[in-house]
Amino acid sequence: MNTSQSYLQQQLPSKRSHSFRLLGLIVGILLLVVCSLISLTLGAADISPDVVWRALFAFDGSTNHLIITTVRLPRVLIASAVGAALAVAGSLMQGLTRNALADPGILGISAGAALAVVVSTFFWGSLSVQSYTWIAFAGGTIAAIVVYTLGSVGRNGMTPLKLILAGAVLSYLMSALTTGILILSQRTLDEIRFWLAGSVAGRDLDSLVQVLPYIVVGLIIAFSLSKQITALTLGEDVAKGLGLQIGWVKAIAAVAVVLLAGSAVSLAGPIGFIGLVVPHIVRFWVGVDYRWLLPYAAIWGAMLLSLADLAARLVIKPQELPVGIMTALVGAPFFIYLARRKIKS
Amino acid sequence: MAIITPINSDFTHSEPALTTRKLTLAYDQAIVLNELDLAIPSGKITALVGSNGCGKSTLLRGLARLLKPIKGTVYLDSASIFKLSTKEVAKRLGMLPQSPVAPEGLTVRELVAQGRYPHQGWLQQWSEEDENFTKQALAITNMTELAERPLDSLSGGQRQRAWIAMALAQNTAILLLDEPTTFLDLAYQIEILDLLYDLNQVEGRTIIMVLHDLNQACRYADFVIALRQGQIVAQGIPADVMTEGTVREVFGLESRIVKDPVAGTPMCIPISRRSHPLTSNH
């Protein structure tokens, strides 16, 4: 039996201590930089690290330097931005819905954004990145509202199962519509086929610059809500009891989700599983405190998508796969593993 | 049980802790409680009892402002609870729902630290006061040694103690608990109820809880409210409330009320078909 004094002397060393977590964050950033540099050297043509270095800091206009600055650098940066956005969006959704299987892909937000983009391309032809982004936001928002509403009908309100089912049903429907439009219109297909499978290739830095502000705003909103999201994961009654205005928290967090997922879709098409997998990996190290989970998710999401893109470039060299196919190949088994574990418990 | 050493907690008042006026609560238009007038005594343990679906949990949720009334209101120190900011209420009133579920991997310390939420601002970092209340809550509930363990690795009783520790870290004068002992083994039930009793005795916290077990309600509560179909059948000290007539009216059960040989409080012995002493020549 301990007395009230003993707890004051006791300082258990913890792997969840602040300094440990901070160290992990710094290591993560360094790893991300290393991954990005490796990613710059490898591809259809392998370019040595010192050439990469000179291309970045002493550009001379040679072919290799051009490949680095106009093809690979935008690609690496876009993969990082999209990966971070998707991972943070997925973390937010898993916290908000208390559902370990939530992610922008599974709950239909990516499919909604993609359908909106395809429909507008069908009617108006090729569009600017800026308009893609807003159309993707609109599509993602509508999909989110519909899925949330469908997932909440019935006596017990929103349950994780109903939400997943609603997301799956709506995703199928929207993917079917998307496919239908693409079959009807060869022109639309040609314009966005590669985009639709999820790809970070063939975009220039300019498109990133145009979408980046939305991602940054989304991340800022997400990070500033981290305390509230942590409280919300204890259940709505507990969160309300702690003085949380859960209606507001959910609405603002949903805005962040749509900004992040919509930006990601408009830049790279619907890339699945990053939003699902990364929060789980990160939780394993830092636990469920969102003040730590979100920054970790951003870094590891960026790193994972960069690596997936690197793999997509290398597996069938000199051709390449869309990165969305790569993440699906890795993510789908992980989803099945998670779902099975949830069913068992 | 750890010795309770309050930091600055003196919660004793003479006014009723919570009062309701014409409180009408409903789920999806189906009225559960109709125009209830109630005064919960301050600094006492109050138990809400009744059969399943009688509205006792609904009443508790209403008192904790988790359920918005369709009519009437709840007063916290003479101010309507819905007029106060929800964070302000959270500094004075803590609520532990029935069988709460923590996310996988959450440690006891992290859970208990959540109790400090209403005392923190948007940018305010973890303060020394937050740290002290968290440590104290862990110590009172005897959870200090388990603080770094994830909740899902603990037994039911330990888990419930961790949740109570979270409510304690919130440091509220009023504590509402919905069936704090469900799904616990008998020994853990007594442990939890003893802990709540100590909190009330030493710190003068007002405790309001829904209890399933009539005899536990009589043993631990100063004030018992018996409900049936959203109506108050009886309220008062256990000795007045716990009569054979009340048990019949509330539960539809014949019983004998005897004196609890341990605590001296009323004890309800149900009368059933199998009520004759066993005979050995069978």
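Residues numbered from 1 in each chain as written. Chains lettered and ligands numbered in written order. Predicted model: local features only at pLDDT ≥ 70, side-chain atom pairs only at ≥ 80, totals over all residues. Heavy atoms only, no water.

- Chain B has the name ABC transporter ATP-binding protein in an unreviewed UniProt entry, where Drouetiella hepatica Uher 2000/2452 is given as its organism.
- What UniProt states about chain B under its Subcellular location (unreviewed entry) heading is, verbatim, "Cell membrane". (UniProt positions renumbered as here; feature names shortened; annotations may be inferred.)

- Chain A carries the name Iron ABC transporter permease in an unreviewed UniProt entry, which gives Drouetiella hepatica Uher 2000/2452 as its organism.
- Quoted verbatim from the Subcellular location (unreviewed entry) field of the UniProt record, the comment on chain A reads "Cell membrane".
- In UniProt, chain A has this text filed under Sequence similarities (unreviewed entry): "Belongs to the binding-protein-dependent transport system permease family. FecCD subfamily."

**Some remarks on the pattern of salt bridges**
Residue and element names in this part refer to chain A.
And then number 1: Enumeration over the complete set of coordinates arrives at 18 salt bridges over all chains.
And then number 2: Where R75 meets E320, a salt bridge forms, and the shortest distance between an N and an O atom there is 2.8 Å. Placement of R75 in helix 4 (residues 63-97) and of E320 in the loop between helix 14 (290-314) and helix 15 (323-344) is noted, with a sequence separation of 245 residues between them.
And then number 3: Taking relative accessible area as the criterion, E320 reaches 28% and is therefore assigned partly exposed.
And then number 4: Each member of the salt-bridge network shares a partner with another, and the members are R75, D309, R313 and E320. (Salt bridge = Lys/Arg side-chain N within 4 Å of Asp/Glu carboxyl O. Helix = DSSP H or I, 4+ residues; strand = E, 2+ residues; numbered from the N terminus. Buried < 20%, exposed > 50% of the residue type's maximum accessible area, 1.4 Å probe, protein only.)

**Some thoughts on the packing of aromatic side chains**
Residues and elements named next belong to chain A.
And then number 1: If you walk through the whole model with that rule in mind, you get nine aromatic pairs over all chains.
And then number 2: Ring centres of F123 and W124 lie 6.3 Å apart, and the angle between their planes is 50 degrees; this geometry places the pair in the tilted category. As far as the burial class goes, F123 and W124 line up, both exposed.
And then number 3: When the centroid spacing of 5.2 Å and the interplanar angle of 80 degrees are considered together, the rings of F137 and Y214 count as edge-to-face. In this pair, F137 sits in helix 6 (residues 129-152) while Y214 sits in helix 9 (residues 205-224), placing the two residues 77 residues apart along the sequence. Here F137 matches Y214 in class, with each residue buried.
And then number 4: Taken together, the aromatic side chains of F122, F123 and W124 make up a single cluster linked through ring pairs. (Phe/Tyr/Trp six-rings, centres within 6.5 Å; stacked < 30°, edge-to-face > 60°.)

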